[in-house]
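Read off the chains here:
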Amino acid sequence: MSRAIPKYRLPSAALIPALPTDGRVKVLAHLFEPCDALNTLALEYLAAGPFDNYDEVITLVKQLLVDLKDTESPSNTAWLLKILVAHPRLGAKKVDSEHSKLEQASLTIGSEEEAIKLKSLNKQYEDKFPG
(Lines give C-alpha, C1' and ligand atoms only; values in the text may rest on other atoms or scores of the structure.)
Protein backbone atom coordinates (compact mmCIF):
# COMPACT_ATOMS: atom_id res chain seq x y z
CA MET A 1 0.00 0.00 0.00
CA SER A 2 1.44 3.37 -0.96
CA ARG A 3 1.12 6.43 1.21
CA ALA A 4 0.12 9.78 -0.16
CA ILE A 5 2.87 12.33 0.21
CA PRO A 6 1.52 15.41 1.96
CA LYS A 7 1.58 18.50 -0.22
CA TYR A 8 3.79 21.36 0.85
CA ARG A 9 1.94 24.34 2.27
CA LEU A 10 3.58 27.72 2.46
CA PRO A 11 3.97 28.92 6.04
CA SER A 12 2.43 32.19 7.11
CA ALA A 13 4.37 35.06 5.55
CA ALA A 14 4.89 36.48 9.06
CA LEU A 15 6.92 33.35 9.96
CA ILE A 16 9.39 33.61 7.07
CA PRO A 17 12.07 35.63 8.95
CA ALA A 18 12.12 33.02 11.74
CA LEU A 19 12.55 30.07 9.36
CA PRO A 20 15.94 28.41 9.08
CA THR A 21 17.79 29.02 5.82
CA ASP A 22 16.54 25.78 4.26
CA GLY A 23 12.97 26.78 5.13
CA ARG A 24 13.37 30.13 3.36
CA VAL A 25 14.96 28.34 0.39
CA LYS A 26 11.91 26.08 0.22
CA VAL A 27 9.58 29.10 0.25
CA LEU A 28 11.53 30.70 -2.61
CA ALA A 29 11.47 27.44 -4.57
CA HIS A 30 7.68 27.30 -4.28
CA LEU A 31 7.13 30.93 -5.20
CA PHE A 32 9.65 30.94 -8.05
CA GLU A 33 11.88 28.28 -9.60
CA PRO A 34 14.57 26.60 -7.52
CA CYS A 35 17.61 28.80 -8.14
CA ASP A 36 20.83 29.18 -6.14
CA ALA A 37 21.42 32.67 -7.55
CA LEU A 38 17.98 33.85 -6.43
CA ASN A 39 18.54 32.28 -3.01
CA THR A 40 21.83 34.14 -2.64
CA LEU A 41 20.17 37.39 -3.66
CA ALA A 42 17.06 37.12 -1.48
CA LEU A 43 17.73 35.03 1.64
CA GLU A 44 19.12 37.76 3.87
CA TYR A 45 16.21 40.05 2.98
CA LEU A 46 13.72 37.30 3.77
CA ALA A 47 15.39 36.84 7.15
CA ALA A 48 14.95 40.54 7.90
CA GLY A 49 11.20 40.68 7.22
CA PRO A 50 8.66 41.50 8.46
CA PHE A 51 5.98 40.34 6.04
CA ASP A 52 2.23 40.58 6.47
CA ASN A 53 1.47 38.55 3.34
CA TYR A 54 3.04 36.90 0.31
CA ASP A 55 2.37 39.90 -1.93
CA GLU A 56 4.99 41.73 0.17
CA VAL A 57 7.46 38.85 -0.26
CA ILE A 58 6.97 38.77 -4.03
CA THR A 59 7.22 42.57 -4.24
CA LEU A 60 10.50 42.45 -2.30
CA VAL A 61 12.00 39.86 -4.64
CA LYS A 62 10.75 41.77 -7.67
CA GLN A 63 12.43 44.94 -6.38
CA LEU A 64 15.70 43.06 -5.80
CA LEU A 65 15.58 41.87 -9.41
CA VAL A 66 14.77 45.36 -10.72
CA ASP A 67 17.63 46.83 -8.68
CA LEU A 68 19.96 44.19 -10.11
CA LYS A 69 18.81 45.01 -13.65
CA ASP A 70 19.07 48.77 -13.14
CA THR A 71 22.72 48.67 -12.08
CA GLU A 72 23.71 47.63 -15.62
CA SER A 73 27.03 46.15 -14.51
CA PRO A 74 28.19 43.05 -16.42
CA SER A 75 28.40 40.99 -13.21
CA ASN A 76 24.87 41.95 -12.17
CA THR A 77 23.58 41.22 -15.67
CA ALA A 78 25.22 37.78 -15.51
CA TRP A 79 23.66 37.21 -12.09
CA LEU A 80 20.23 38.21 -13.37
CA LEU A 81 20.58 35.86 -16.34
CA LYS A 82 21.34 32.98 -13.96
CA ILE A 83 18.02 33.69 -12.29
CA LEU A 84 16.08 34.06 -15.54
CA VAL A 85 17.32 30.80 -17.01
CA ALA A 86 16.12 28.89 -13.93
CA HIS A 87 12.65 28.92 -15.49
CA PRO A 88 12.17 25.96 -17.85
CA ARG A 89 11.29 26.34 -21.49
CA LEU A 90 7.57 26.51 -22.22
CA GLY A 91 6.37 23.04 -23.11
CA ALA A 92 9.54 21.41 -21.76
CA LYS A 93 9.24 17.73 -20.91
CA LYS A 94 11.77 17.78 -18.04
CA VAL A 95 11.26 20.33 -15.29
CA ASP A 96 12.55 20.39 -11.71
CA SER A 97 9.90 22.04 -9.56
CA GLU A 98 6.49 20.60 -8.76
CA HIS A 99 4.87 23.90 -9.68
CA SER A 100 6.48 23.86 -13.12
CA LYS A 101 5.41 20.25 -13.64
CA LEU A 102 1.82 21.25 -12.96
CA GLU A 103 2.15 24.38 -15.10
CA GLN A 104 3.65 22.44 -18.01
CA ALA A 105 1.07 19.65 -17.67
CA SER A 106 -1.71 22.19 -18.07
CA LEU A 107 -0.11 23.49 -21.27
CA THR A 108 -1.86 21.81 -24.16
CA ILE A 109 -0.53 22.16 -27.65
CA GLY A 110 -3.49 21.48 -29.88
CA SER A 111 -2.08 21.85 -33.36
CA GLU A 112 1.13 21.74 -35.33
CA GLU A 113 0.77 25.50 -35.83
CA GLU A 114 0.71 26.05 -32.03
CA ALA A 115 3.75 23.81 -31.59
CA ILE A 116 5.67 25.81 -34.20
CA LYS A 117 4.65 29.10 -32.57
CA LEU A 118 5.75 27.84 -29.13
CA LYS A 119 9.09 26.74 -30.55
CA SER A 120 9.53 30.17 -32.14
CA LEU A 121 8.70 31.98 -28.89
CA ASN A 122 11.13 29.81 -26.93
CA LYS A 123 13.84 30.60 -29.50
CA GLN A 124 13.17 34.35 -29.25
CA TYR A 125 13.41 34.15 -25.47
CA GLU A 126 16.60 32.10 -25.56
CA ASP A 127 18.17 34.45 -28.11
CA LYS A 128 17.45 37.39 -25.81
CA PHE A 129 18.55 35.52 -22.65
CA PRO A 130 21.30 33.07 -23.71
CA GLY A 131 21.94 30.03 -21.56
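What you are looking at is a predicted structure, and each value in this text was computed from that prediction instead of being measured.

J.: What is the right way to look at the nonpolar core in this model?
T.: The tendency in soluble globular proteins is for nonpolar side chains to be buried as a group. By size, the foremost hydrophobic cluster in this structure holds 20 residues, and its most contacted members are Ile16 and Ile83. It is helix H2 (residues 36-48) that contributes the most residues to this core, six residues altogether. Discounting chain neighbours no more than four positions away, the residues touching isoleucine 83 are Cys35, Ala37, Leu38, Leu41, Leu65 and Leu68.

J.: For this particular structure, what's the right way to read the pattern of salt bridges?
T.: Tallied over the full model, the rule gives one salt bridge. We note a salt bridge from lysine 69 to aspartate 70, for which the minimum N-O separation is 2.9 Å.

J.: What's the story with the packing of H2 against helix H3 (residues 54-71) in this structure? I'm lost.
T.: Working note: a packed helix pair is described by the angle between its axes plus the distance between those axes. Close contact between H2 and H3 brings their axes to 10 Å; oriented N to C, the two are set at 130 degrees. If you check the angle between H2 and H3, you find them oblique. Where H2 crosses over H3, the two elements pack in a sense that is right-handed. Residues Leu38, Leu41, Ala42, Tyr45 and Leu46 of H2 touch H3, and the partners they reach there are Val57, Leu60, Val61, Leu64, Leu65 and Leu68. Here the residues of the contact of H2 with H3 are counted per class, giving eleven nonpolar, no polar and no charged.

J.: Before we go on, may I ask you to explain H2 in this structure?
T.: Side chains of residues three or four places apart in an α-helix project in the same direction, reflecting 3.6 residues per turn. Taking 1.5 Å of rise per residue, 13 residues should cover 18 Å, and H2 covers 19 Å from first to last C-alpha, within 8% of that figure. Most pronounced at alanine 42, the bend in H2 amounts to some 45 degrees. Here H2 has its buried residues at Ala37, Leu38, Asn39, Leu41, Ala42, Leu43 and Leu46. The positive-phi residue at the C-terminal boundary of H2 is glycine 49, with phi of around 50 degrees.

Parameters at a glance
- Residues numbered from 1 in each chain as written.
- Predicted model: local features only at pLDDT ≥ 70, side-chain atom pairs only at ≥ 80, totals over all residues.
- Heavy atoms only, no water.
- Core = buried A, V, L, I, M, F, W, Y, C linked by side-chain atoms within 4.5 Å.
- Buried < 20%, exposed > 50% of the residue type's maximum accessible area, 1.4 Å probe, protein only.
- Helix = DSSP H or I, 4+ residues; strand = E, 2+ residues; numbered from the N terminus.
- Contact = heavy atoms within 4.5 Å.
- Salt bridge = Lys/Arg side-chain N within 4 Å of Asp/Glu carboxyl O.
- Axes fitted to C-alpha atoms, helices over the stretch in contact; angles between N-to-C directions.
- Parallel < 35°, antiparallel > 145°, perpendicular 65-115°, else oblique.
- Left-handed = near helix turned anticlockwise from the far one by under 90°.
- Nonpolar A, V, L, I, M, F, W, Y, C, P; charged D, E, K, R; others polar.
- Expected span 1.5 Å × (residues − 1).
- Bend = angle between axes of the 7 residues up to and from the residue.

Geometric values such as these leave the question of function open.
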